[in-house]
Amino acid sequence: MKLQEKYEVVIGMEVHAELKTDSKMFCGCKNDPFGAEKPNIYTCPVCLGMPGGLPVANKKAIAWTLKLGLATNCSLNKFSKFDRKHYFYPDLAKSYQISQYDIPFCYEGYIDTPSGKVGLTRIHLEEDTGKLQHKVINNKKVSLIDFNRGGVPLVEVVTEPDITSGKQAKEYGKKLRHILRFLDIANCDMEQGGMRLEANISLRKKGETELPNYKVEIKNINSFRFLEAAINYEVERQAEILEQGEVPVQETRGWNAVKSQTFSQRTKESAEDYRYFPDPDLPPFHFSDEYLKEIKDSVPELPESIAQRWVKEFDLPLAKAIDFSSVDSEKLLHWLESILRELHNKKLDLVLFINDYTNKKIVIPSRAQVKENTNPSEVVKLFEELHSTETIDEDILNKTIKEVLTNNTDAVEKYNSGQTQIIGFLMGQVMRTLGKKVDPQVIRKAIQVALES
Amino acid sequence: MLNKLTLTKTIQGLKNKKFSHRELYADVQKSIEQQNKDLNVYLTLNEKALDTAEELLETPLAGVPIAVKDNFCTRDFRTTASSKVLDTFKPQFESTVTSKLKKSGGVIIGKTNLDAWAHGSSTETSGYGRTLNPRNTNHLPGGSSGGSAAAVAADMASSSIGSETAGSIRQPAAWCGAVGLKPTYGRVSRYGVAAMASSTDSPGPIAKTVEDAAILLNAFAGHDPLDGTSSAQTTPDFTQSLNTSVKGLKIGVIYQDVAEIGFANDKLMEQLKVFEDLGATVEKTQAMDPHYAIGVFTVVQRGEVSSNLARYDGIRYGNDRSLFGDEAKRRQMLGTYTLSKGYSEKYYELAQKVRTLLIQDLNRLFETYDVLICPTSPGFAKKVGATKGQAMFGELEDMLVEASAVAGLPGINVPYYRDPKTNLFLGMSIIAPMWREDLVIQAGDAFEKNTSWNTWRNES
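Residues numbered from 1 in each chain as written. Chains lettered and ligands numbered in written order. Predicted model: local features only at pLDDT ≥ 70, side-chain atom pairs only at ≥ 80, totals over all residues.

### Brief notes about the overall build of chain B
Keep this limit in mind: Under the DSSP-based scheme used, a helix requires at least four consecutive residues in state H or I and a strand at least two consecutive residues in state E, with every element numbered from the N terminus. As defined in this context, the radius of gyration uses C-alpha atoms, and a globule is described by 2.2 Å times the residue total to the power 0.38. As a rule, residues whose C-beta atom has 12 or fewer other C-beta atoms within 10 Å are exposed, those with 20 or more are buried, and those in between are partly exposed; C-beta atoms are placed from the backbone.
Helices and strands together make up the secondary structure of chain B, namely 15 helices and 11 strands. Its C-alpha atoms give chain B a radius of gyration of 20 Å, within 12% of the compact-globule value 23 Å for 460 residues. Principal-axis analysis of the C-alpha atoms gives chain B an extent of 65 × 60 × 45 Å. Here chain B, with 460 residues, has 63% of them falling under the buried criterion.

Here is the structure:
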């Protein structure tokens, strides 16, 4: 029997994402750690943890966290607070992180993935730490701290141990990133650490229902591909250990992308004691029904539900609808929808349009692909023109082209010198002279032939 | 001897051109030169005070010299919190209180000594040596704002600024025979004050008279967007409560049953008759045993201290953790313990529950009484050296004001007795409900003006 058939994979994930508010979580400093020209320029007594520096919570970051909770089917705590989480590390200015302990803003939600539903335990808000840099300066090894990132608002999304494969972990991560981007609250730049993935992985025998008595944490993964690979590697590694009758060591492991292996980073002897207590500098929150309604009203219709609606309203196939609605911007999605609506009203072929659009076939003469700022009616017109059945006598077309080329020697010269985009201009001239709706692609081709002959 | 004038009379004198800044500062500097070496009040002095003051005649405080406790961050002077850990720390920013003080025309004449990190009630645990009580140099000034109280009592400043977590303004004021006003928690911004116990820290004035305290509080009270716990309540003009009749004021006297405080309690009851003469009613009443407050405060405060001091990890401020004094180390260890897993329910969380009971108990009394009064400290200033081997020294000396402190209530210390032999004082604490500084100022002012215990009122 193959090991994968003998064991069941149990994965819970913790994902951190930096919110893209203008200012930091607890002070007025600019929140732009990746755009900063120099280290430590976006700092103040508060985010540097100086004596007497006091945190004041960022309203927008809280509203966005609640919004994220609602978009991921969470319940919201009407009473919530910030707590201090104590641990020592040089990148942590106050030697405690302001986080949330027992009453997170959001709890008990879920995210659907193609491989099944993933329960969310909680979503809470905290502050990011500074960044350590280990360098050699004047032949001396030094460790430097950059606090531009210190105090940046950070949401942590914790799942139930519902994920059953590396593939699903990847699906979940992508879906969460999509929601964060669609809500326009996080950039989720994985490479720079704007979104960070952690997975707790363990195996149990098929059929068992209790959680395994160990777990291995994979930390600091900055790509979904690596996440999937690391989990797959871990599953095999752990299965082999279990096969030998042993229990994998409870530890934190990292991913070595060069060797395509996980490696041990830190062994957890016992649970850490963070000495959590409510931060006395930050009064607790009592969210009013009014306020929560305001938040609720601010949550846009999500792509998933828009896709469902398209299936009903426009009779689109589900897969097509999901695919086409998977865009990161709410504005773009609304634009696409208004095009689909117009196409639908005109009884045009929506699937054909989606294919054309996806293959970048719908172009404005002289310009490239249509964009969000193009009037939807114009896009529909271009689509119709693309498939216009009006035919044209080839001789007339060629005659017209010859005429236009003769009258526009400048443009022809430009084309020949490599400025091929000028063809759009020539197409326009030809179409105007013809005075007919002709498939632009036919004209384009004919002009190209004429120019290159 | 212009340094002996009250703040009120100093401002008046300057504005009416009865004397100049130069004359005033000459007297103040002289008194500092004569006394600071022995008393050890100031850790850092402002060499340019006079130049600054001369520009400020048109401001409300007219350029008067104010002493500031050295746990307020000041851009122009190093700020040590009396701990060697911060020996060379020069803040790049100004605390809200000192910033407002300067805007109102107060001049920081110097930074005063305190118990290191404001941990204590003696100013004997400072990393820079003890401060002595100007009233009797064999005795301690109290603390933690001992330097600020001594600066006032020794006429080395017109008034001073201190901070109270539980007793740290009122107790040194009591021991030095001065007025100390602890505002409601949230009335005065904590921004830029090295945190001790964040949930009770309250900056406030130490002054020669109640009127002086009200004037100084006007200068720096009010909402601060930089402090999330600062209240958005409107700030009244605190001087409006001066010279108002206490007729009909209902006064409850608490802690008369506490065994440790015989003499101070007896003298207090005698003195409170003045209020009856003025038409107020005075009644003994029962509050929750103050020993509970000691327990609550000790646990909560140590917990918060262990968290607030964790940032001094030896990496950033140039000095490592070995420079923490014994008192700070003790508090950090105890606080770390009470917040630890498995113990926080037993200590920290339990203390917070009892804290709620204490608040409820005081609120209950305020249903009957307008203000509550008790001695600020169980007795007179203790002798120099008294803290040796006494880990709970502060808690015992502050036991009578800890309940009102953990409840966040406003309170004022006014002197009510002077021992003719030792020249040491007893002070009473007048406590009112949240945001009712007006009541403690009204009652304190009435008492002060109808008795002769205040040493400044009758002079000049």
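### Comments concerning the overall build of chain A
As a reminder, the rule being used: Here the contact rule is simple: place C-beta atoms from the backbone, and any two residues whose C-beta atoms are within 7 Å are in contact.
Each helix and strand in chain A was counted, giving 14 helices and 16 strands. On the principal axes, the C-alpha backbone points of chain A span a range of 85 × 60 × 60 Å. The buried share of chain A, taken over its 453 residues, is 37%. Relative to all contacts within chain A whose residues are 6 or more apart in sequence, the contacts with residues 24 or more apart total 70%.

### Re the environment of glycine 335 of chain B
Residue and element names in this part refer to chain B. Position of glycine 335 relative to the elements: it lies in helix 11 (residues 326–339). On the basis of neighbour count, glycine 335 is assigned to the buried category, with 28 C-beta atoms found within 10 Å. Between the C-alpha atom of glycine 335 and that of glutamine 171, which follows or precedes it by 164 residues, the distance is 24 Å. Setting aside its immediate chain neighbours within four residues, glycine 335 contacts Arg302, Gly303, Val305 and Ser306.

### Points about the pairing of strand 7 (residues 116–127) of chain A
Residue and element names in this part refer to chain A. Note the following rule: Two strands make a pair as long as DSSP finds a minimum of two bridges between them.
Relative to strand 7, strand 6 (residues 106–113) runs antiparallel, the two sharing 7 bridges. Within strand 7, the position partnered with tyrosine 107 by the bridge is arginine 122. In this sheet, strand 10 (residues 153–159) lies alongside strand 7 in antiparallel orientation, the contact comprising 7 bridges. What sits directly across from glutamate 126, in strand 10, is leucine 154.

### Notes on the environment of glutamate 452 of chain A
Turning to its location among the elements, glutamate 452 of chain A is positioned in helix 14 (residues 440–452). Between the C-alpha atom of glutamate 452 of chain A and that of histidine 16 of chain A, which follows or precedes it by 436 residues, the distance is 56 Å.

### Examining helix 14 (residues 399–406) of chain B
Residue and element names in this part refer to chain B. For helix 14, the tally of buried residues reaches 8 of 8 residues, placing the bulk of the element in the interior. For helix 14, every residue scored as buried is listed here: Met399, Leu400, Val401, Glu402, Ala403, Ser404, Ala405 and Val406. One or two steps after helix 14, the chain reaches glycine 408, where phi turns positive at roughly 80°.

### Some points on the environment of glutamine 261 of chain A
All names here are of chain A. Along the chain, glutamine 261 falls in strand 14 (residues 261–267). With 15 C-beta atoms counted inside 10 Å, the residue glutamine 261 sits in the partly exposed group. Between the alpha carbons of glutamine 261 and leucine 76 there is a distance of 39 Å; along the sequence they are 185 residues apart.

### Some thoughts on the nonpolar core
Note on soluble globular proteins: their nonpolar side chains tend to be buried together. Convention followed: Here, a nonpolar core denotes buried Ala, Val, Leu, Ile, Met, Phe, Trp, Tyr and Cys residues that are linked to one another through C-beta atoms within 7 Å.
With 141 residues, the main nonpolar core has Ile66, Val371 and Val406 of chain B as its most contacted residues. When residues of this core are assigned to their parent elements, the largest contribution, 8 residues, is made by helix 7 (residues 210–220) of chain B. Beyond its immediate chain neighbours, meaning those up to four positions away, valine 371 of chain B contacts Leu249, Ile251, Ile430, Ile431, Ala432, Leu439, Val440 and Ala443 of chain B. In terms of nonpolar packing, the next biggest core, distinct from the first, is built from 71 residues, Cys74, Tyr172, Leu180 and Ile221 of chain A among them.

### So, the packing of helix 2 (residues 59–71) of chain A against helix 5 (residues 289–298) of chain A
Residue and element names in this part refer to chain A. Going by this rule: Structural elements are reduced to axes, namely lines fitted to C-alpha atoms, with helices fitted over the stretch in contact, and the angle between N-to-C directions of any two is expressed from 0 to 180 degrees. Handedness of a crossing follows from how the near helix is turned relative to the far one, being left-handed for an anticlockwise turn of less than a right angle and right-handed for a clockwise one. Residues are grouped as follows: nonpolar covers Ala, Val, Leu, Ile, Met, Phe, Trp, Tyr, Cys and Pro; charged covers Asp, Glu, Lys and Arg; every other residue, Gly included, is treated as polar.
As a packed pair, helix 2 and helix 5 sit with axes 9 Å apart at the nearest point and diverge in direction by 65°. Our pair here, helix 2 against helix 5, has a crossing hand that is right-handed. For the pair helix 2 and helix 5, the contacting residues are Ala63, Leu66, Lys67 and Leu70 in the first and Ile295, Lys296 and Ser298 in the second. For the contact of helix 2 with helix 5, a count of residues per class yields 4 nonpolar, 1 polar and 2 charged.

### Section: the sheet that holds strand 4 (residues 83–86) of chain A
Residue and element names in this part refer to chain A. Taken in spatial order, the 3 strands of this open sheet run 5-4-15, and their pairing is antiparallel. Because the sheet does not close on itself, it has two edges, and the strands there are strand 5 (96–99) and strand 15 (277–278). Of the pairings in the sheet, the one linking strand 4 to strand 5 comprises 4 bridges and is antiparallel in character. Counterpart to arginine 84 in the pairing with strand 5 is isoleucine 98.

### Re the confidence of the model for chain B
To keep things clear, this is the line we draw: Every residue is assigned a pLDDT by the predictor, reflecting its confidence on a scale from 0 to 100.
On average, chain B scores 96 in pLDDT, and the residues at 70 or more come to 99%. Across the interface, the model reports ipTM at 0.95; the global pTM reads 0.90.

### Some details on the interface of chain B and chain A
On the chain A side, the residues contacting the 31 residues of chain B number 24 residues. The set of elements that each furnish at least two residues to the side of chain B that touches chain A consists of helix 10 (290–308) and helix 11 of chain B. Considering each element in turn, the side of chain B that touches chain A owes the most residues, 3 residues, to helix 10 of chain B. Tallied by class, residues from the side of chain B that touches chain A come to 14 nonpolar, 11 polar and 6 charged.

### Remarks on the sheet that holds strand 2 (residues 75–76) of chain A
Residues and elements named next belong to chain A. Pairing is mixed in the open sheet, where 9 strands are placed in the order 2-6-7-10-1-11-12-13-14. Taken across any chain shown, the strands that pair with only one partner, and hence form the sheet edges, are strand 2 and strand 14. Pairing geometry for strand 2 and strand 6, over 2 bridges, is antiparallel. Looking at strand 6, one finds that leucine 76 is bridged to cysteine 106. This element, helix 4 (residues 224–243), spans strand 1 (7–18), strand 11 (195–205), strand 12 (216–221), strand 13 (251–256) and strand 14 of the sheet and lies at about 25° to strand 11.

### Describing the domain arrangement of chain A
Residue and element names in this part refer to chain A. As a reminder, the rule being used: Boundaries between domains were set according to an automatic or database domain assignment.
You can read the domains of chain A as domain 1 (3–290), domain 2 (301–375) and domain 3 (394–452). Averaged C-alpha coordinates put domain 1 and domain 2 at centres separated by 34 Å. On the domain 2 side, the residues contacting the 6 residues of domain 1 number 5 residues. With 4 residues, helix 3 (residues 166–182) is the single largest residue contributor to the side of domain 1 that touches domain 2.

### A few points about unusual backbone geometry
The linkage connecting glycine 143 of chain B with the following residue, serine 144 of chain B, adopts the cis geometry, with an omega of 10°. Mapped onto the elements of the fold, serine 144 of chain B is located in the loop between strand 3 (106–112) and helix 5 (146–153). Residues other than glycine seldom take positive phi values, yet asparagine 138 of chain A does so here, at roughly 50°. Summarising the element assignment, asparagine 138 of chain A is placed in the loop between strand 8 (131–137) and strand 9 (140–146). A positive phi angle, near 55°, is found at serine 82 of chain B, a position not held by glycine. Judged by the 34 C-beta atoms lying within 10 Å of it, serine 82 of chain B falls in the buried class.

### Regarding the pairing of strand 6 (residues 202–207) of chain B
All names here are of chain B. Among the 6 residues in strand 6, 6 count as buried, and that is most of the element. Pairing of strand 4 (residues 159–164) with strand 6, which is carried by 5 bridges, proceeds in the antiparallel orientation. Across the sheet, glycine 162 pairs through a bridge with glycine 204, a residue of strand 6.

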